[in-house]
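Overview (structure and organization)
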Amino acid sequence: VQLVESGGGSVQPGGSLRLSCTASGFAFSIYAMRWYRQAPGKEREWVALITRAGRSTNYEESVKGRFTISRDNAKNTVYLQMNSLKPEDTAVYYCNTFTLRDYWGQGTQVTVSS
């Protein structure tokens with residue numbers, strides 16, 4: 001199983017970024033996918049979830065209405081569209097799946113600063 005995140009970067013408050021996570025080594029379309037983040041000095045926290053067919057999503061309270069998780073099963077890719085970014089969104093973002101155990105990507109840095 002391999003998960004590779006991309007799309008991070010530095011933006012000003014109010015800006016947008018789109019993260020991607022491309023998966024390989026497992027049957028992507030039959031597993032839910034999640035995004036997590038870890039800010040400096042803090043524990044890793046769950047951000048968003050999308051079910052295997054993409055029919056259902058769920059979000060951590062602080063990102064509701066600003067972040068959108070989606071997936072393209074033909075491309076084995078899950079996305080996180082992040083709008084109206086705030087300094088408190090600064091973190092390393094990880095995608096995750098659970099197939100017998102947790103699998104994580106290497107993470108992509110998102111920095112929101114003026």
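For the structure, see preceding data.
The following paragraphs examine the structure supplied in this document. In this text, all values refer to a predicted model and were calculated from it rather than measured experimentally.

Counting buried residues in strand β9 (residues 91-98) gives six out of eight residues, a clear majority hidden from the surface. Sheet topology places strand β4 (residues 33-38) next to β9; five bridges connect them, and they run antiparallel. Bridging from a neighbouring strand, Arg37 pairs with Tyr93 of β9. Judged from the three bridges that link them, β9 and strand β11 (residues 108-112) form a sheet pairing that is antiparallel. Residue Tyr93 lies in a different strand from β11, and its bridge partner there is Thr108.

Further remarks concern the side chain of Arg71. Take Arg71: it is sitting in strand β7 (residues 67-72). As a buried residue without a salt bridge, Arg71 has its nearest oppositely charged side chain in Asp72, at a separation of 8.3 Å. One polar contact links the side chain of Arg71 to the main-chain carbonyl oxygen of Thr51, over a distance of 3.0 Å. The contacts of Arg71, once residues within four sequence positions are left out, are Phe28, Ser29, Tyr31, Ala32, Met33, Ile50, Thr51, Arg52, Gly54, Thr77, Val78 and Tyr79.

A separate point is the pattern of salt bridges. With the rule as written, the count across this model stands at four salt bridges. A salt bridge links Asp89 to Arg66; the nearest nitrogen and oxygen atoms lie 2.7 Å apart. Taken together, the residues Asp89 in the loop between β8 (77-82) and β9 and Arg66 in the loop between β6 (57-59) and β7 connect sequence positions 23 residues apart. Of the residues examined, Arg66 reaches a relative accessible area of 9% and is grouped as buried. A single salt-bridge network, built from bridges that share partners, covers Arg37, Glu45, Arg66 and Asp89.

Within this structure, the stated rule accounts for four aromatic pairs. Cluster of aromatic residues (ring-pair linked, three or more members): Phe26, Phe28 and Tyr31. A cation over an aromatic ring shows up here: Arg44 above the ring of Trp104, its NZ or CZ 4.5 Å from the ring centre. The aromatic ring of Phe28 is capped on one face by Arg71, whose charged end is 4.4 Å from the ring centroid.

Definitions and cut-offs
Residues numbered from 1 in each chain as written. Predicted model: local features only at pLDDT ≥ 70, side-chain atom pairs only at ≥ 80, totals over all residues. Heavy atoms only, no water. Buried < 20%, exposed > 50% of the residue type's maximum accessible area, 1.4 Å probe, protein only. Helix = DSSP H or I, 4+ residues; strand = E, 2+ residues; numbered from the N terminus. Pairing = 2+ DSSP bridges. Lys, Arg positive; Asp, Glu negative; His and termini not counted. Salt bridge = Lys/Arg side-chain N within 4 Å of Asp/Glu carboxyl O. Polar contact = N/O pair within 3.5 Å; in protein donor to acceptor, adjacent residues only side chain to side chain. Contact = heavy atoms within 4.5 Å. Phe/Tyr/Trp six-rings, centres within 6.5 Å; stacked < 30°, edge-to-face > 60°. Lys NZ or Arg CZ within 6 Å of the ring centre and 35° of its normal.

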